[in-house]
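Listed below, chain by chain, are the residues.
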Amino acid sequence: MKRKILTVVMCLMACWGMAQNAYTHYEVRWASNPRDAKHYDTERLRKEFLIQKVMAPGEVNWTYSLYDRFLVGGAEPVDAPLELASIAPLDTKNLLDNRELGIINIGGDGVVTVDGKDYPLAFQEALYIGRGSYQITVSSKDPAHPAKFYLNSACAQKAYPIRKVTLKEAHNIKAGSLAGSNDRVIHQMIIDGVAGVHTCQLQMGITELKEGSVWNTMPAHTHLRRMETYFYYKIPEGQQVLHIMGEPQETRPIWVKNEQAVISPQWSIHCGAGTSNYTFIWGMAGENLIYTDMQVVKISDLK
């Protein structure tokens, strides 16, 4: 009888978008067939793939995507720590009972506490947490300048050690050129084998565009064996990024504001151009850990 009552409660929580504490919120995004997606109007396209609310003071916000069961989230602690608790769709006691987690701080100095141990994270520092870690809380050192923790989580079959990665320790790759309007630096941070990190399937990093450059991820590509998300930040006030997705011959635009994210299915390209330079975090999960596993599309073949 108790089990039946618990099942009913979990179902109601899933329907209402409730989590295990008052400040945690989530939504579920279903996977879309590319043949259907090509007929979406602007409103439907944004509803399916754009995550408009990632960061909010005093909240933890999750989007549970059915593309590779990827979790995209944001936590912005101000006056009090926030716990990264499980959410109803996972049906687990703890968030990482079956998962691994990547965190990158895009705000003020903060602290991630995992099972009682503190890991300070400054601006653009990353932390990998493996499967099986139980109590995870995040906090800000200065409420006037709160930390903003961007979160990506993927299913995990094995537990790997916790690792912190700074930009200095990351694999930093110069790409593009100013002449091509895409002079940028790719910081591979939570990548298997980089800075002692080992993961099951999660990959995360930061791409910074230099002043005068606006194009990212060009030439564009798809990942048949992986999905990807982009989280855009450091977009100046009043500016936006035109994110382009869709099949290579059926591209669709989504205008993205500061601190918003876009889900990129396996069949979709993912590139964009801003009205100013900007920075974004990419996160991937799927069948393998080969960073270069992609299907490149010639610029002249895009439609």
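Residues numbered from 1 in each chain as written. Predicted model: local features only at pLDDT ≥ 70, side-chain atom pairs only at ≥ 80, totals over all residues. Heavy atoms only, no water.

By the naming in an unreviewed UniProt entry, the protein goes by 4-deoxy-L-threo-5-hexosulose-uronate ketol-isomerase and is assigned to Segatella cerevisiae. Reading the Function (unreviewed entry) entry of the UniProt record for the protein gives the comment "Catalyzes the isomerization of 5-dehydro-4-deoxy-D-glucuronate to 3-deoxy-D-glycero-2,5-hexodiulosonate." (UniProt positions renumbered as here; feature names shortened; annotations may be inferred.)

A.B. asks: Before we go on, may I ask you to explain the packing of aromatic side chains in this structure?
C.D. replies: What characterises a pair of aromatic rings is the spacing of the ring centres plus the angle enclosed by the ring planes. One pass over the full model with this rule turns up eight aromatic pairs. Considering the side-chain rings of Trp 282 and Tyr 291, the 5.5 Å spacing of their centres and the 55° angle between planes classify their relative orientation as tilted. Given the relative accessible area of 4%, Trp 282 is considered buried. On the basis of relative accessibility, which here comes to 24%, the residue Tyr 291 falls in the partly exposed class. Put simply, the rings of Tyr 230, Tyr 232, Tyr 278 and Phe 280 pair up and form one aromatic cluster. For the cation-ring pair, Arg 44 lies above Tyr 40, with the distance from its terminal atom to the ring centre recorded as 4.2 Å. (Phe/Tyr/Trp six-rings, centres within 6.5 Å; stacked < 30°, edge-to-face > 60°. Buried < 20%, exposed > 50% of the residue type's maximum accessible area, 1.4 Å probe, protein only. Lys NZ or Arg CZ within 6 Å of the ring centre and 35° of its normal.)

A.B. asks: Looking at this structure, I do not really get the UniProt feature "binding site: Zn(2+)" (unreviewed entry) in the protein. What am I missing?
C.D. replies: Under the feature "binding site: Zn(2+)" (unreviewed entry), the UniProt entry names His 221, His 223, Glu 228 and His 270. A maximum C-alpha distance of 11.3 Å among these annotated residues, which run over 50 residues, shows that they cluster at one spot. Relative to the elements of secondary structure, Glu 228 occurs in strand E18 (residues 226-233). Assessed through its relative accessible area of 4%, Glu 228 is described here as buried. The residues touching Glu 228, leaving out its near neighbours within four places in the chain, are His 223, Val 262, Ile 263, Ser 264, His 270, Trp 282, Gly 283 and Met 284. Within the element layout of this structure, His 270 appears in the loop between strand E21 (260-264) and strand E22 (271-274). Exposure remark for His 270: the relative accessible area of 1% places this residue in the buried category. Among residues more than four places away in sequence, those in contact with His 270 are Asn 216, Thr 217, His 221, Thr 222, His 223, Glu 228, Tyr 230, His 243, Ile 244 and Ser 264. A polar atom in the side chain of His 270 sits 3.3 Å from the side chain of His 221. (Helix = DSSP H or I, 4+ residues; strand = E, 2+ residues; numbered from the N terminus. Contact = heavy atoms within 4.5 Å. Polar contact = N/O pair within 3.5 Å; in protein donor to acceptor, adjacent residues only side chain to side chain.)

A.B. asks: Before we go on, may I ask you to explain the nonpolar core in this structure?
C.D. replies: Side chains of a nonpolar character, in soluble globular proteins, are inclined to be buried together. Judged by nonpolar contacts, the single largest core of 50 residues is most densely connected at Phe 49, Tyr 150, Phe 231, Tyr 232 and Ile 281. If we ignore the near neighbours within four places in the chain, the residues touching Phe 231 are Val 54, Met 55, Ile 106, Tyr 150, Glu 259, Gln 260, Ala 261, Thr 279, Phe 280 and Ile 281. Tyr 26, Ala 75, Leu 96 and Leu 127 belong to the second largest nonpolar core, which has 26 residues in total. (Core = buried A, V, L, I, M, F, W, Y, C linked by side-chain atoms within 4.5 Å.)

A.B. asks: Explanation requested: the pattern of salt bridges in the structure shown.
C.D. replies: Where side chains of opposite charge bring their charged atoms close, a pairing between them can arise. All told, the structure shown has nine salt bridges when counted by the stated rule. The shortest N-O distance in the salt bridge between Glu 27 and Arg 29 comes to 3.2 Å. Asp 183 serves as the salt-bridge partner of Lys 174, at 3.2 Å between the closest nitrogen and oxygen. Using a relative accessible area of 57% as the deciding quantity, one classes Lys 174 as exposed. (Salt bridge = Lys/Arg side-chain N within 4 Å of Asp/Glu carboxyl O.)

A.B. asks: Explanation requested: the confidence of the model for the protein in the structure shown.
C.D. replies: Where the model shows low pLDDT, its predicted coordinates should not be examined in detail. Averaged over every residue, the pLDDT of the protein is 94; the share at 70 or more is 94%. Within the model, the stretch residues 2-18 combines pLDDT values under 50 with 13 contacts to residues more than four positions away or in other chains. (pLDDT = per-residue confidence, 0-100.)

A.B. asks: Which parts of the structure should I look at to understand the sheet that holds E22?
C.D. replies: What holds strands together in a sheet is hydrogen bonding between their backbones, with the strands either parallel or antiparallel. The four strands are arranged E16-E22-E19-E20 in an open sheet whose pairing can be described as antiparallel. The outermost strands of the open sheet, each flanked by one partner alone, are strand E16 (215-216) and strand E20 (250-256). The sheet contact formed by strand E19 (residues 241-247) and E20 spans seven bridges and is antiparallel. Bridge pairing in E20 links Met 245 to Arg 252. Along the sheet, helix H3 (residues 42-49) makes contact with E19 and E20, crossing E20 at roughly 75°. (Pairing = 2+ DSSP bridges. Axes fitted to C-alpha atoms, helices over the stretch in contact; angles between N-to-C directions.)

A.B. asks: Explain the side chain of Glu 259 here, please?
C.D. replies: Mapping Glu 259 onto the fold places it in the loop between E20 and E21. For Glu 259, a relative accessible area of 17% translates into the label buried. Within the local environment of Glu 259, its side chain forms a polar contact with the side chain of Lys 148, the two groups lying 3.0 Å apart. Contact partners of Glu 259, with chain neighbours within four places excluded, come to Gln 52, Val 54, Met 55, Ile 106, Lys 148, Phe 231, Tyr 232 and Tyr 233.

A.B. asks: When you look at the sheet that holds strand E6 (residues 99-105) in this model, what are you seeing that I'm missing?
C.D. replies: Spatially, seven strands are ordered E1-E3-E4-E11-E6-E9-E12 in an open sheet, and the strand pairing comes out mixed. Looking at strand neighbours, the two that pair on one side only are strand E1 (24-29) and strand E12 (163-165), the edges of this open sheet. Along the sheet, successive strands turn relative to each other by an average axial angle of 15°, direction set aside. Alignment of E6 against strand E9 (residues 126-129), held across four bridges, turns out to be antiparallel. From the neighbouring strand, Ile 103 faces E9, where its bridge partner is Leu 127.

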